[in-house]
Amino acid sequence: MTNPPGTITALGVAFPRQIRTNDWWEARHPELIANAREATLAKVWADFEDTQPSHYDRAIARYLADPFRGTVERRVMPPDMRAQDLERAAARAALEACAIDPASVDLLLVHALRPDSHVVGDAAYVVRDLGLRAPAISFETACSSALVGFHLASDLIRAGRYRRILVIVCCTYTRDVDQADSFSWFLGDGAAAFVVEPAPAGMGVLGAHTVPTIETCGAFAYELTVLGGAPALQLQANKHIAGKSIRDASEGYLRDCVDGALREAKLALKDVNFLICNTPTAWYAEFCAAALGLGMDRTVDTYPRYANCGPTLWPNNLRTALEEKRIRPGDVVLGFSVGSVSTASAVVFRIGEVGLRSVEL
């Protein structure tokens, strides 16, 4: 007898309370605004001349005159907050959304960008603090980690290894960027968690496809530096290759992943009710929808409210679409997420009832 695939049954998100608007930089670093054309953000998300503009070029075009490149608000963690605080809060929110006994969780998959515990990751600490004895695995595939985690959890359930898996993802970008650099303008913090369980017949993951994003190697990196006389990790963007490598490769990643996932699901784009993509920039949802020939009424974009919060983007977009009743039980959902210097992934799934909960810290 074949085991069923996995499906998401509960989803929780946790965000810092502090909302930082563009006014913060205009008051504290007016020189950045005045010299926006020479700033890091402008160098990364630039206008690359092409006689035949792509879907990506057309989507980004209307943001090029804005020094903030379409960023409006971002959530910012206070100095005393840690990644594990957000991870635990998101995990508890997901479990409480469906009154799930934590002791019934068989496995935890945990990704933090970046973790508090270097090298080994946060998984063991989170499972300890949640009072569980289930195995916990730290995994990493940058901003695509939530969707890849969903795919991995579904496959482990289909293999019969586990019955209830908790996937946790977290992003703490703002503690690792110089706020006096315009690169910080498009980054935010937050965490999400979701429970994956065996799906009823015809539901859950129907197809998936993941590819490496090797063309973006070197675009972004964490580098050891000295801040205030102490060693610190800092997220850096390579101004020479970051934006161009992402622009040139984005449509190929999208089409490869989506075509592969639909082929495995034995479905076509016309069968898809809704697209949930991650939204690392203000134009990414529009780009994905246009490249796939879908209207913006069939996707969701939380970038204006949360900016780029890495792996938390995809589950937060799913949570938003569910809360707004734009996705309903029985709908076929196409998930797509791209991570620089890692993977891009697409998952096609038929969604059921999902418990939802959001918290602020």
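Above this text is the structure in question.
All figures in this text were calculated on a predicted structure; none of them were measured in a lab.

What follows is about the sheet that holds strand β6 (residues 165-172). One open sheet holds the six strands; their spatial order is β5-β4-β6-β7-β1-β14, and the pairing between them is mixed. The sheet is open, and its two borders are formed by β5 (136-138) and β14 (355-360), each paired with just one other strand. With direction set aside, neighbouring strand axes in the sheet form an average angle of 15°. Of the strand pairs in this sheet, strand β1 (residues 6-15) and β14 are connected by six bridges, and their pairing is parallel. In the sheet register, A10 faces β14, and the bridge partner there is G355.

Pairing in this open sheet of four strands is mixed, and the strands run β8-β13-β12-β11 from one edge to the other. The sheet is open, and its two borders are formed by β8 (204-212) and β11 (274-277), each paired with just one other strand. Between one strand axis and the next, the sheet turns by 15° as a mean value, whatever way the strands run. As paired strands, strand β12 (residues 332-338) and strand β13 (residues 343-350) are joined by seven bridges and run antiparallel to one another. When the sheet's bridge partners are listed, L334 is paired in β13 with V348.

This next bit is on the packing of aromatic side chains. Taken as a whole, this structure holds 13 aromatic pairs when the rule is applied. Taken together through their ring pairs, the aromatic side chains of Y56, Y63, W283, Y284 and F287 make up a single cluster. Lying across the ring of W24, R20 places its NZ or CZ 3.9 Å from the centre. Between R20 and the ring centre of W25, over which it is positioned, the NZ or CZ distance is 5.8 Å.

If you walk through the whole model with that rule in mind, you get 17 salt bridges. Between R128 and D129 there is a salt bridge, and its shortest N-O distance comes to 2.9 Å. The residue R247 makes a salt bridge to D248 at a minimum N-O spacing of 2.7 Å. Given the relative accessible area of 43%, D248 is considered partly exposed. When salt bridges that share partners are traced, they join D57, K244, R247 and D248 into one network.

This next bit is on the environment of P200. Position of P200 among the secondary structure elements: in the loop between β7 (189-198) and β8. On the basis of relative accessible area, P200 is assigned to the exposed category, the value being 52%. Between the alpha carbons of P200 and A14 there is a distance of 28 Å; along the sequence they are 186 residues apart.

Which parts of space are left empty comes out when a probe the size of a water molecule is rolled across the atoms. Computed from the structure, the largest pocket encloses a volume of approximately 450 Å³. Forming the walls of the largest pocket are 27 residues, and the residues nearest its centre are C143, Y173, F220, G339 and S340. Mapped by element, the contributors of at least two residues to the lining of the largest pocket are β9 (220-227) and α8 (242-265). Looking at the lining of the largest pocket residue by residue, the class counts come to 19 nonpolar, seven polar and one charged. Reported here for the second largest pocket is a volume of approximately 300 Å³. Along its surface, the second largest pocket is lined by 17 residues, and A112, R114, P115, V119 and E140 are the ones closest to its centre. Of the residues forming the lining of the second largest pocket, the biggest block, four residues, is contributed by strand β4 (residues 107-113). Along the lines of polarity and charge, the residues of the lining of the second largest pocket split into nine nonpolar, five polar and three charged.

Okay, the nonpolar core next. Counting residues in hydrophobic clusters, the biggest one holds 56 residues, and the most contacted among them are W45 and F336. Only α3 (40-44), α4 (55-60), β10 (230-237), α8, β11, α9 (284-292), β12 and β13 provide two or more residues apiece to this core. When residues of this core are assigned to their parent elements, the largest contribution, 10 residues, is made by α8. Apart from residues no more than four positions distant in its own chain, W45 is found in contact with Y56, I60, L64, R69, F186, G243, I246, T281 and W283. Core analysis: the next-biggest nonpolar cluster, separate from the first, contains 36 residues, L11, A146, V167 and V347 among them.

Moving on to unusual backbone geometry. A negative phi angle is the norm for most residues apart from glycine, just as the trans form is the norm for most peptide bonds. In this structure, the amide linkage connecting L113 to the following residue, R114, adopts the cis form with an omega of 5°. Note that R114 resides in the loop between β4 and α6 (123-129). Phi angles above zero are rare outside glycine, and A142 is one such case at about 50°. Tracing the backbone through its elements, the reader meets A142 in the loop between β5 and α7 (145-158). We classify A142 as buried; its relative accessible area is 7%.

Quick look at α7 now. Structurally, the α-helix is built with 3.6 residues per turn, so residues lying three or four positions apart point the same way. Its 14 residues place the ends of α7 19 Å apart at the C-alpha level, agreeing with the 20 Å of an ideal helix rising 1.5 Å per residue. In terms of residue burial, α7 counts as a mostly covered element, since 10 of its 14 residues are buried. Just downstream of α7, G160 is the residue with a positive phi angle, here 85°.

Calculation criteria
Residues numbered from 1 in each chain as written. Predicted model: local features only at pLDDT ≥ 70, side-chain atom pairs only at ≥ 80, totals over all residues. Heavy atoms only, no water. Pairing = 2+ DSSP bridges. Helix = DSSP H or I, 4+ residues; strand = E, 2+ residues; numbered from the N terminus. Axes fitted to C-alpha atoms, helices over the stretch in contact; angles between N-to-C directions. Phe/Tyr/Trp six-rings, centres within 6.5 Å; stacked < 30°, edge-to-face > 60°. Lys NZ or Arg CZ within 6 Å of the ring centre and 35° of its normal. Salt bridge = Lys/Arg side-chain N within 4 Å of Asp/Glu carboxyl O. Buried < 20%, exposed > 50% of the residue type's maximum accessible area, 1.4 Å probe, protein only. 1 Å grid on protein atoms, 1.4 Å probe; cavity = no way out; pocket = protein on both sides within 12 Å on 5 of 7 lines; lining within 4 Å. Points joined across faces, edges and corners; volume = space filled by probe spheres on them. Nonpolar A, V, L, I, M, F, W, Y, C, P; charged D, E, K, R; others polar. Core = buried A, V, L, I, M, F, W, Y, C linked by side-chain atoms within 4.5 Å. Contact = heavy atoms within 4.5 Å. Expected span 1.5 Å × (residues − 1).

Read these as spatial facts, not as claims about activity.
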